[in-house]
Amino acid sequence: NLFCSRYKRSITVASDKTMITKVASDVGRIFLLVCLVFSVPPCSTTFRLTSPWGWRCINETCVKQENDGVRSLADLSTCKLTCGQDSTIWPSPTGFLKIAPQTVHFLLESLTLRGITAPTDQVKELVEKAFHIFRDNVGKNIPEGGGKATVMGPFHKQVTSHRVFVAVTVTGRVTRLSLETSEAYTLGITTRGDVTNATVLAGDFFGARHALETLSQLIEYDELAGVLQIVSTAAVVDAPVYKYRGILLDTSRNFFSVRAIERTLDAMAASKLNTLHWHITDTHSFPLYLESLPRMAFFGAYSPREIYRAADVRHLVEYGRVRGVRVLPEFPAPAHAGNGWQWAQKQGLGKLGVCLNQEPWQSYCVEPPCGQLNIINNNTYNILAQIYKELLDIFSPLDLFHFGGSKVNLNCWNTTEEIVAHLEKEGHGRDHESFYRLWGSFQKSALDLLTQANQGKQIPGILWTSQLTEKDRIESHLDPQQYIIQILTNRTDKMIKSLLTKGYRVIFSNQDAWNLGCGFGNLSPSGKSWCINYKGWQAVYDNSPNNISATLTGSSHRNLILGGEAVLWSHHVDDTTLDSKLWPRGAALAERLWTNPDTNWEAAETRFVHHRQRLVRRGIMAQRVQPEWCRQNEGHCYL
């Protein structure tokens, strides 16, 4: 008993940046094994197996070596933190970066917010909330039973007396994200004696929040010392390349709990993504409970439990805001409108939806169940006006709104008697262009209704690429000053060139790289699918909107490309698999859009794997990228 308790203490003392001696490593292990075999209490209750391995930084690579008691080795997290300039920061900063290879140790309770300088109380309150999130994330680095300052001797005093102070200065009043928000920041870390000061300067709250995220990534848990450590000196100047950096989550095909969406927002914040595109409804279900139109969810939700109430939405909007993420609603129309719209005819409003659940579905939509709005019924517009008004209230304030606008099936309208009769009455034929004109007229009315619901202030609308955005048709129906087009086609599609040369702002979501729902089976019950191939993180990372634009047009069109978004249609996803489907691939997207590096995925692999570990520590069940052996032996698992 005496030996075990003393030996454990001697091992702890040895972690004071000195080596466990060869005698301790050879003889001591034998006695520790004896302790374990005979279940000696000091060992059985507090024993933690030591390792003969450590890591050494050689040419900016952490090399695994056996501890011979002569050379000083670090644990893996410490090595990654100090080996190379941006070895732990994700996404990589775009400006000046300097990080010292030394660290100082501290206890979590010694990490405090020293002061906030901000122009308004609202900004100050947001910074305080962001700091609490930051501190909580730092605490998640500590494994169970760690961070207790168990180290004895002089090192114990150094750790317990060291203080880490954070000071934040925000110069602007912005508290809501928009396409004009800078999100830039500078971060400085200095250490003198037993005090480390971290200083954040940003023009807006969102930049300050990003700075705190970067600061959290410059802090790791030291396995040998059993406490937290922070780099002693650092300077970071950083700002995103693209203003729009998003993830789409579809909650219609399958329902996701509020907690699952919170986790998604947490992971987005850790990766500096800034837009959660919420595809709330579709033909499959209508899970949004609207106070003014309760029948929509009554008829459209999968069950009474699988709905989002106004309080849920407001909570998620605020949850995202303090983490630097806007929650952007999509209310798809005129297609993707089915279940939830059945009630109107019995209420004397006529058919608001047509082709609802119609068979054979292949004739009326791209996947079952079918459904499109009846765009010649005036009551359809009255209902839309109510929906827009309530969406503007619960998502308030909105700087963007997604109208959907994809996958319209002309045959659905062409086989609907009242729509055909309307065209004939107006003197139009039943050719494609007649239906496109009708569709264009609907879209104009939808934008007008949204503007009226927003008290006359126009909100930029987003539309998916579709037949309406084709080069010979788009200018007749969609004003480039009013609409942003989200690219859902392949990177080689000539429509991309047409959109950019005509001056339309675009968001890239080209399906050949940024559709994260592919590769898990056919999306179509017919067995035919364009979504067979899985999109690995390497393909996500290397997909550059700038390069696509340059290839197609000869110009990067940086002023027109707002950014990009990875989409996750939930055909094969629910709460149980959401994290692993999105992450860490969503983080690969994040660096592409924040940094837009000139290098490909290979240069980022080590940091990417480390960031995946960070997400897991924060409660995100991100998919494994490679075996743990590869993480511990950098550079050996190459193609």
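Rules and cut-offs
Residues numbered from 1 in each chain as written. Predicted model: local features only at pLDDT ≥ 70, side-chain atom pairs only at ≥ 80, totals over all residues. Heavy atoms only, no water. Helix = DSSP H or I, 4+ residues; strand = E, 2+ residues; numbered from the N terminus. Polar contact = N/O pair within 3.5 Å; in protein donor to acceptor, adjacent residues only side chain to side chain. pLDDT = per-residue confidence, 0-100. Contact = heavy atoms within 4.5 Å. Expected span 1.5 Å × (residues − 1). 1 Å grid on protein atoms, 1.4 Å probe; cavity = no way out; pocket = protein on both sides within 12 Å on 5 of 7 lines; lining within 4 Å. Points joined across faces, edges and corners; volume = space filled by probe spheres on them. Nonpolar A, V, L, I, M, F, W, Y, C, P; charged D, E, K, R; others polar. Salt bridge = Lys/Arg side-chain N within 4 Å of Asp/Glu carboxyl O. Buried < 20%, exposed > 50% of the residue type's maximum accessible area, 1.4 Å probe, protein only. Phe/Tyr/Trp six-rings, centres within 6.5 Å; stacked < 30°, edge-to-face > 60°. Lys NZ or Arg CZ within 6 Å of the ring centre and 35° of its normal. Pairing = 2+ DSSP bridges. Axes fitted to C-alpha atoms, helices over the stretch in contact; angles between N-to-C directions. Disulfide = S-S within 2.5 Å.

Caption draft 1: Region of the structure containing the side chain of Ser-303. Looking at where Ser-303 falls in the secondary structure, it is placed in the loop between α9 (294-300) and α10 (310-321). Separated by 3.0 Å, the side chains of Ser-303 and Glu-306 make a polar contact.

Caption draft 2: Main features of the confidence of the model for the protein chain. Looking at the protein chain, the pLDDT average stands at 91 and 90% of residues meet or exceed 70. Contacts from residues 1-29, a stretch scored under 50 in pLDDT, to residues over four places away or in other chains number 42 contacts.

Caption draft 3: Spotlight on helix α14 (residues 432-453). A rise of 1.5 Å per residue sets the reference length of α14, with its 22 residues, at 32 Å; its end C-alpha atoms lie 32 Å apart and thus fit the reference within 8%. Where α14 begins, the capping side chain belongs to Asp-431, and its oxygen is found 3.2 Å from the backbone nitrogen of Glu-433.

Caption draft 4: Geometry of empty space enclosed by the protein. What the rule picks out here adds up to six cavities of 30 Å³ or more. In this model, the largest cavity occupies a volume close to 150 Å³. What lines the largest cavity is a set of 15 residues, among which Arg-176, Val-317, Arg-326, Val-327 and Pro-397 lie closest to the centre. Looking at the lining of the largest cavity, the elements that each hand over two or more residues are α10 and β14 (326-330). Counting residues per element, the lining of the largest cavity draws most heavily on β14, at three residues. Residue composition of the lining of the largest cavity, by class: 10 nonpolar, one polar and four charged.

Caption draft 5: Inspection of the pattern of salt bridges at higher detail. This model, assessed by the stated rule, comprises 23 salt bridges. A salt bridge links Lys-80 to Glu-634; its shortest N-O distance comes to 2.7 Å. With Lys-80 in helix α4 (residues 76-82) and Glu-634 in the segment after α23 (628-632), this pair connects stretches of sequence that are 554 residues apart. For the pair shown, Lys-80 and Glu-634 are each scored as buried. Between Arg-618 and Glu-213 there is a salt bridge; the shortest N-O distance is 3.1 Å. Here Arg-618 is found in the loop between α22 (605-617) and α23, whereas its partner Glu-213 is found in helix α7 (residues 205-217), with 405 residues between them in sequence. With relative accessibility at 4%, the residue Glu-213 sits in the buried group. Taken together, the salt bridges that share partners define one network made up of Glu-125, Lys-129, Glu-318 and Arg-321.

Caption draft 6: Region of interest: the packing of aromatic side chains. Summed over the entire model, instances satisfying the criterion amount to 21 aromatic pairs. Aromatic pair Phe-255 and Tyr-308: ring centres 4.6 Å apart, planes at 20 degrees, arrangement stacked. Placement of the pair is Phe-255 in the loop between β12 (244-250) and α8 (258-270) and Tyr-308 in the loop between α9 and α10, with a sequence separation of 53 residues. There is no split in this pair, since Phe-255 and Tyr-308 are both buried. Residues Trp-278 and Phe-395 carry aromatic rings whose centres are separated by 6.0 Å and whose planes lie at 75 degrees to one another, so their mutual orientation is edge-to-face. Of this pair, Trp-278 sits in strand β13 (residues 275-279) while Phe-395 sits in the loop between α11 (378-394) and β17 (401-404), and the two are 117 residues apart along the sequence. Assigned by exposure class, Trp-278 and Phe-395 land together as buried. By the ring-pair criterion, three or more aromatic residues cluster together here, those being Trp-90, Trp-537, Tyr-541, Trp-601 and Phe-608. Across from the ring centre of Phe-165, 4.1 Å away, lies the NZ or CZ of Arg-114, which sits over that ring.

Caption draft 7: Representation of the sheet that holds strand β9 (residues 219-222). On the basis of which strands lie adjacent, the open sheet formed by three strands has the order β4-β10-β9 and antiparallel pairing. The sheet terminates laterally at β4 (103-106) and β9, the two strands that pair on one side only. Neighbour to neighbour, the strand axes of the sheet diverge by 35 degrees on average, direction disregarded. One ladder, built from four bridges, connects β4 with strand β10 (residues 227-231); its direction is antiparallel. Looking at β10, one finds that Phe-106 is bridged to Leu-228.

Caption draft 8: Structural view of the state of the cysteines. For the coordinates displayed, the defined rule picks out six disulfides. The residue that forms a disulfide with Cys-62 is Cys-79, at a sulfur-sulfur distance of 2.3 Å. In this structure the cystine formed by Cys-62 and Cys-79 twists about its S-S bond by roughly -110 degrees; its chirality is therefore left-handed. Linking Cys-62 in strand β2 (residues 61-66) with Cys-79 in helix α4, this pair joins segments that are 17 residues apart in sequence. For the pair Cys-62 and Cys-79, a shared accessibility class is recorded, and that class is buried. The disulfide partner of Cys-518 is Cys-531, and the gap between their sulfur atoms is 1.7 Å. Around the S-S axis, the bridge from Cys-518 to Cys-531 shows a dihedral of about -100 degrees and counts as left-handed. Of this pair, Cys-518 sits in the loop between α17 (511-514) and α18 (537-542) while Cys-531 sits in the loop between α17 and α18, and the two are 13 residues apart along the sequence. Overall, the relative accessible area of 0% leaves Cys-518 in the buried class. Assessed through its relative accessible area of 0%, Cys-531 is described here as buried.

Caption draft 9: Expanded view of the layout of surface pockets. What the second largest pocket holds in volume is close to 940 Å³. Taken together, 43 residues line the second largest pocket, and the ones lying closest to its centre are Glu-602, Ala-603, Ala-604, Glu-605 and Thr-606. Listing elements by their share of the lining of the second largest pocket, those giving two or more residues are β2, α18, α21 (585-594), α22 and α23. Take the lining of the second largest pocket: its biggest share by element is four residues, from α22. Class assignment for the residues of the lining of the second largest pocket results in 17 nonpolar, 15 polar and 11 charged.

Caption draft 10: Region of interest: the side chain of Arg-323. Relative to the helices and strands, Arg-323 is located in the loop between α10 and β14. Judged by relative accessible area, Arg-323 falls into the buried class, the value being 11%.

Caption draft 11: Seen up close, the environment of Gly-619. Here Gly-619 is to be found in the loop between α22 and α23. Spatially, the C-alpha atoms of Gly-619 and Asn-137 are 9.9 Å apart, while their sequence positions differ by 482 residues. Contacts of Gly-619, omitting those with residues within four sequence positions, involve Arg-263 and Asp-579.

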